2 protein chains.
Amino acid sequence: MPAIAPGSVGVVEPRRHRFEVPLALSSGAQLADYELVYETYGELNASRTNAVLVCHALNASHHVAGVTAGEPANEGWWDNMVGPGKPLDTRRFFVVGVNNLGSCFGSTGPMSVNPATGLRYGPDFPVVTVEDWVHAQARLADVLGIDRFAAVMGGSLGGMQALAWTTLYPARVAHCIAIASTPKLSAQNIAFNEVARRAIITDPEFHGGRFYDHGVVPRRGLQVARMIGHITYLSDDVMAERFGRMRRGRAEGEGYDFGFDVEFEIESYLRYQGEKFSTYFDANTYLLITRALDYFDPAAAFGGDLAKALSGATAEFFVASFTTDWRFSPARSREIVQALLANRRAVTYAEIDAPHGHDAFLLDDPQYHALLRSYFERVAREIR
Amino acid sequence: MPAIAPGSVGVVEPRRHRFEVPLALSSGAQLADYELVYETYGELNASRTNAVLVCHALNASHHVAGVTAGEPANEGWWDNMVGPGKPLDTRRFFVVGVNNLGSCFGSTGPMSVNPATGLRYGPDFPVVTVEDWVHAQARLADVLGIDRFAAVMGGSLGGMQALAWTTLYPARVAHCIAIASTPKLSAQNIAFNEVARRAIITDPEFHGGRFYDHGVVPRRGLQVARMIGHITYLSDDVMAERFGRMRRGRAEGEGYDFGFDVEFEIESYLRYQGEKFSTYFDANTYLLITRALDYFDPAAAFGGDLAKALSGATAEFFVASFTTDWRFSPARSREIVQALLANRRAVTYAEIDAPHGHDAFLLDDPQYHALLRSYFERVAREIR
């Protein structure tokens, strides 16, 4: 039994729901049936008005808060945000975390068995979009008896889902909380995704996505992909502060080894992150999720006019960005804010001075958490 | 015979010199003998005072200006800078371009035959540093009868060599011109190099650097390495302007293919750059040159004090940076300038407002070229 830290929702058990009504996807394909894995924390109130959906980003899952029962205990990816007494307070809110379609953490995805063939989907799993995920999440809300979320919330790719909720299901979301997000990827963002995908796809052990059948994993490609990702998650400043030119096993300024093994701490850190990632993340899922990122562009159907794209939204918005985030910089969040203001929507915007870059949305920066705490207090007051 | 554009130095022939006196390297290894390939443009004056050395960066060579005799004619990498009537005017200056040791463009490197074994060096070619390159360049200057360069000039990694000249051979360089350079790599810079190296080293066709013996090339690793490099050479802005979310073979906003082939122009561009690079660049050279970048840190031997490191320099300096360069940002050039000012050295510093990012140093931005033209006019006046 893992030790439970104060403020934790405690030991959590994922649940699973099988959907037997086919889901039509943006691509034109459909999933005949599929499962979603989810967790919930707190209690749904009698009027079913206190539910908050937390959407996950690239490397996360339904396991938002608390610890899993197994050994080693695995803490939820946003445990500092969600729990009793935390900014998203589970004494007041019923919080839902759901693993998206195409993931490798339990919901139906490339590692699942394709009922049509009896084999794993692998590369045959259809390309899914942010909008597809939202439709699947809405069906889960139906199952849970949630007509309307008090808030839909996410960081990065999770923020894109929160944003998509406000236009796909405007009547079903009271507040949209989009943190460190963007209304669409830039060329540079797509470029980093593409390099990561090429590293995976060109790994001979990828086998066109059918590596499961060969008993191998394209770990070299996954390692490189993760290393690239990590560089973009951290600010130049925080990398300088945390690693600088610190040497591995030597004092700074000491002689070099004159080779290509680890010389600098930053190399060791990146290799470690890449190797760890390659042991648990599915290569096909990596491709799918980066493509969902690339494709997200709600303004595209409106001639590039984001204000028009968001004109049907009725939610109130909380948008936050971090000054040192160069992946989805404050300017990208401001595009969302401006489009909302053009529609005279209520929007709270915070540009938070934090050194950590894109990763800041996962950290418990006091100013950031105080802002969210106060925003959720307001959401809670509206429920009562 | 290729057509010669006005202002070109015309058709050029590389020359080659064999050095039989061993060169001691920073690593403690030594090269028993080696060759350097070089080109020269213009005429050395009678007093031998008008020579300018142009140092190359990662993906370049001795072929700085003019066109090669073969088909297809290959234009020098800095042809817009060097030629009759150009900023570095070959009617006044005798310009020397030299290919560095470890390169794959003609000077002794991993592709050369190791006289000790009769086989290609491959991974046995010693790791070389910026300082090693400068020592080799100084020996070439001896051969050419140049006691003192009117200027040593370079961009990016080339700027590091120019900087190293001023402390290793202070009496031999009158002016140092360091553009888009840095006194040392940051953790983020090293991180990008390391990911590129991992992509190469983990490519099964790298064979520990002995791929020549297997008749293969680690082209997948080279492609990924080059793609990563390219992203860092371009500014976010110029990528947005040149590529944005433009589609390959479709109008922007048109439906997606829902797959992992090229959807966006930026993907096509990066793949093309990667594929082209992998056909001509040597993987071992890529490792060596990125390591030389990582290692360069003249302040390290002085407790991190760059002013102390540069205290022996007697040259005058021209330092320039580009506002949108996020690889070696203006702040990095300012570190050099501040260290020089602390030593009361004469330094001209220009922070050039250019949209192109790191690549700007290779482009013929009018303001940038006007500044260099004017600086070289001053250098020329001192010679007369």
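Remember, predicted model here, so these are calculated numbers, not experimental data. (Residues numbered from 1 in each chain as written. Chains lettered and ligands numbered in written order. Predicted model: local features only at pLDDT ≥ 70, side-chain atom pairs only at ≥ 80, totals over all residues. Heavy atoms only, no water.)

S.K.: How do you make sense of the overall build of chain A when you look at a structure like this?
M.R.: Helices and strands together make up the secondary structure of chain A, namely ten helices and 14 strands. Relative to the compact-globule value of 21 Å for 384 residues, chain A shows a C-alpha radius of gyration of 21 Å, a close match. The C-alpha extent of chain A, read off along each of the three principal axes, is 65 × 55 × 50 Å. With 384 residues in all, chain A has 60% of them scored as buried. (Helix = DSSP H or I, 4+ residues; strand = E, 2+ residues; numbered from the N terminus. Rg over C-alpha atoms; globule rule 2.2 N^0.38 Å. Buried < 20%, exposed > 50% of the residue type's maximum accessible area, 1.4 Å probe, protein only.)

S.K.: Would you explain the packing of helix α4 (residues 219–233) of chain A against helix α6 (residues 265–280) of chain A in this entry?
M.R.: Packed helices, taken two at a time, are described by the angle between their axes plus the distance between the axes. Residue and element names in this part refer to chain A. It is at 8 Å that the axes of α4 and α6 come closest, and there the two elements cross at 125°. Taken together, the axes of α4 and α6 lie oblique to each other. Between α4 and α6 lies a crossing whose hand is right-handed. Here α4 contributes R219, L222, Q223, R226, M227, H230 and I231 to the contact with α6, which in turn contributes Y269, L270, R271, Q273, G274, E275, F277, S278 and Y280. Residues of the contact of α4 with α6, tallied by class, amount to seven nonpolar, five polar and four charged. (Axes fitted to C-alpha atoms, helices over the stretch in contact; angles between N-to-C directions. Parallel < 35°, antiparallel > 145°, perpendicular 65-115°, else oblique. Left-handed = near helix turned anticlockwise from the far one by under 90°. Contact = heavy atoms within 4.5 Å. Nonpolar A, V, L, I, M, F, W, Y, C, P; charged D, E, K, R; others polar.)

S.K.: What am I meant to see in the nonpolar core here?
M.R.: In summary, soluble globular proteins display a tendency toward joint burial of nonpolar side chains. Grouped together as the largest cluster of nonpolar side chains are 256 residues, with contacts concentrated most on I179(A) and I179(B). Setting aside anything within four residues of it in sequence, one finds I179(B) in contact with W78(B), M153(B), G154(B), G155(B), S156(B), A320(B), F322(B), F361(B), Y368(B) and L372(B). (Core = buried A, V, L, I, M, F, W, Y, C linked by side-chain atoms within 4.5 Å.)

S.K.: What's the story with the interface of chain B and chain A in this structure? I'm lost.
M.R.: In many analyses, interface size is given as the accessible surface area lost on bringing the parts together. In this complex, chain B contributes 55 residues to the contact, which on the side of chain A involves 55 residues. Contact between chain B and chain A buries roughly 4700 Å² in total, counting both sides, with carbon and sulfur atoms accounting for 68%. Of all residues in chain B, the largest losses of buried area upon contact with chain A belong to R245(B), F258(B) and F260(B), amounting jointly to 17% of the total for that side. At the boundary of chain B with chain A, the tally comes to eight salt bridges. R291(B) is the salt-bridge partner of E267(A), the closest N and O atoms lying 2.7 Å from each other. Taken together, the links from chain B to chain A amount to 24 residue pairs in polar contact (both at pLDDT 80 or more). (Buried area = accessible area lost by both parts, 1.4 Å probe. Salt bridge = Lys/Arg side-chain N within 4 Å of Asp/Glu carboxyl O. Polar contact = N/O pair within 3.5 Å; in protein donor to acceptor, adjacent residues only side chain to side chain.)

S.K.: Explanation requested: the packing of aromatic side chains in the structure shown.
M.R.: Any two aromatic rings considered together are summarised by their centre-to-centre distance and by the angle between their planes. Taken as a whole and assessed by the stated rule, the structure comprises 50 aromatic pairs over all chains. Ring geometry for F318(A) against Y375(A): centres 5.0 Å apart, planes inclined by 50°, an arrangement best described as tilted. Remark: Y375(A) occurs in helix α10 (residues 366–383) and F318(A) occurs in strand β13 (residues 316–322); sequence separation between them is 57 residues. Residue Y375(A) is classed as buried on the basis of its relative accessible area, which comes to 4%. Measuring from ring centre to ring centre gives 4.6 Å for F277(B) and F281(B), while their planes differ by 15°; the resulting arrangement is stacked. (Phe/Tyr/Trp six-rings, centres within 6.5 Å; stacked < 30°, edge-to-face > 60°.)

S.K.: Can you walk me through the packing of α4(A) against helix α3 (residues 187–201) of chain B in this structure?
M.R.: Packing of α4(A) against α3(B) leaves a shortest axis separation of 10 Å and a crossing angle of 170°. In terms of their interaxial angle, α4(A) and α3(B) are classed as roughly antiparallel. Taken together, the residues of α3(B) that come into contact with α4(A) (itself represented by V224(A), M227(A), I228(A) and I231(A)) are Q188(B), A191(B), F192(B), E194(B), V195(B), R198(B) and A199(B). When the residues that make up the contact of α4(A) with α3(B) are grouped by side-chain class, the tally is eight nonpolar, one polar and two charged.

S.K.: What is the right way to look at the confidence of the model for chain A in this model?
M.R.: Do not read the predicted coordinates in detail wherever pLDDT is low. Per-residue pLDDT for chain A has a mean of 96; in total, 99% of the residues score no lower than 70. Quick note on the complex model: pTM equals 0.97, ipTM equals 0.95. (pLDDT = per-residue confidence, 0-100.)

S.K.: What exactly am I supposed to notice about unusual backbone geometry here?
M.R.: Backbone phi values are negative for most residues with the exception of glycine, while trans is the configuration of most peptide bonds. All names here are of chain B. Located in the positive-phi region is S156, a residue other than glycine, with phi close to 60°. The topology assignment puts S156 in the loop between β11 (151–155) and α2 (157–168). The buried category is assigned to S156, whose relative accessible area is 5%. Despite not being glycine, H207 shows a phi value in the positive range, around 50°. Tracing the backbone through its elements, the reader meets H207 in the loop between α3 and α4 (219–233). A relative accessible area of 34% means that H207 is categorised as partly exposed.

S.K.: I'm lost on the pattern of salt bridges in this one. Help?
M.R.: Per the stated rule, a full pass over the model turns up 50 salt bridges over all chains. Of the charged contacts, one joins D297(B) and R245(A) as a salt bridge, the two residues approaching to 3.2 Å between their closest N and O atoms. Note that D297(B) is positioned in the loop between α7 (283–295) and α8 (306–309) and R245(A) in the loop between α5 (236–242) and α6, a pairing that runs across two chains. Each of the two residues, D297(B) as well as R245(A), counts as buried. Residue R248(A) pairs with E265(A) through a salt bridge whose shortest N-O separation is 3.1 Å. Pair noted here: R248(A) is in the loop between α5 and α6 and E265(A) is in helix α6, with a separation of 17 residues, a long-range link. Using a relative accessible area of 46% as the deciding quantity, one classes R248(A) as partly exposed. Several salt bridges share partner residues, and in doing so they unite E194(A), R197(A), R291(A), D294(A), E267(B) and R271(B) into one network.

S.K.: Please explain the pairing of strand β11 (residues 151–155) of chain A as it appears in this structure.
M.R.: If a strand is regular, its side chains alternate between the two faces of the sheet. Residues and elements named next belong to chain A. The buried fraction of β11 amounts to five of the five residues, a majority that puts the element mostly inside the structure. Side chains A151, M153 and G155 project from β11 onto one buried face, and the interleaved V152 and G154 project onto a second face that is buried too. Here four bridges tie strand β6 (residues 51–55) to β11, and the two strands are oriented parallel to one another. Each residue of the ladder has a partner; that of V52, found in β11, is A151. Inspection of the sheet shows β11 paired to strand β12 (residues 175–179) by four bridges, in the parallel sense. (Pairing = 2+ DSSP bridges.)

S.K.: What should I look at first to understand the environment of Q188(B) in this one?
M.R.: Within the fold, Q188(B) resides in helix α3. For the pair Q188(B) and K86(B), spaced 102 residues apart in sequence, the C-alpha to C-alpha distance is 35 Å. Contact partners of Q188(B), with chain neighbours within four places excluded, come to I231(A), L234(A), D236(A), M239(A), W326(A) and W326(B).

S.K.: Just checking my understanding: could you explain the relation of the copies chain B and chain A for this structure?
M.R.: The operation relating chain B to chain A is a screw motion whose rotation component is 180°, with 0.0 Å of axial translation and a residual RMSD of 0.0 Å. Within this description, the copies of the chain are treated as partners about a two-fold rotation axis. Take the interface residues of chain B: 100% of them recur as interface residues in chain A, which is what a same-surface contact looks like. (Least-squares fit on C-alpha atoms with pLDDT ≥ 70 in both.)

S.K.: How do you make sense of the environment of G249(A) when you look at a structure like this?
M.R.: By the secondary structure assignment, G249(A) is in the loop between α5 and α6. Residues G249(A) and V262(A), 13 residues apart in the sequence, show an inter-C-alpha distance of 9.5 Å.

S.K.: Explanation requested: the side chain of S181(A) in the structure shown.
M.R.: Residue and element names in this part refer to chain A. When you line up the elements, S181 lands in the loop between β12 and α3 (187–201). There is a polar contact of 3.0 Å between the side chain of S181 and the backbone oxygen of S156. If near-sequence neighbours (up to four positions away) are discounted, S181 is found in contact with S156, G159, M160, F328, R332 and S333.

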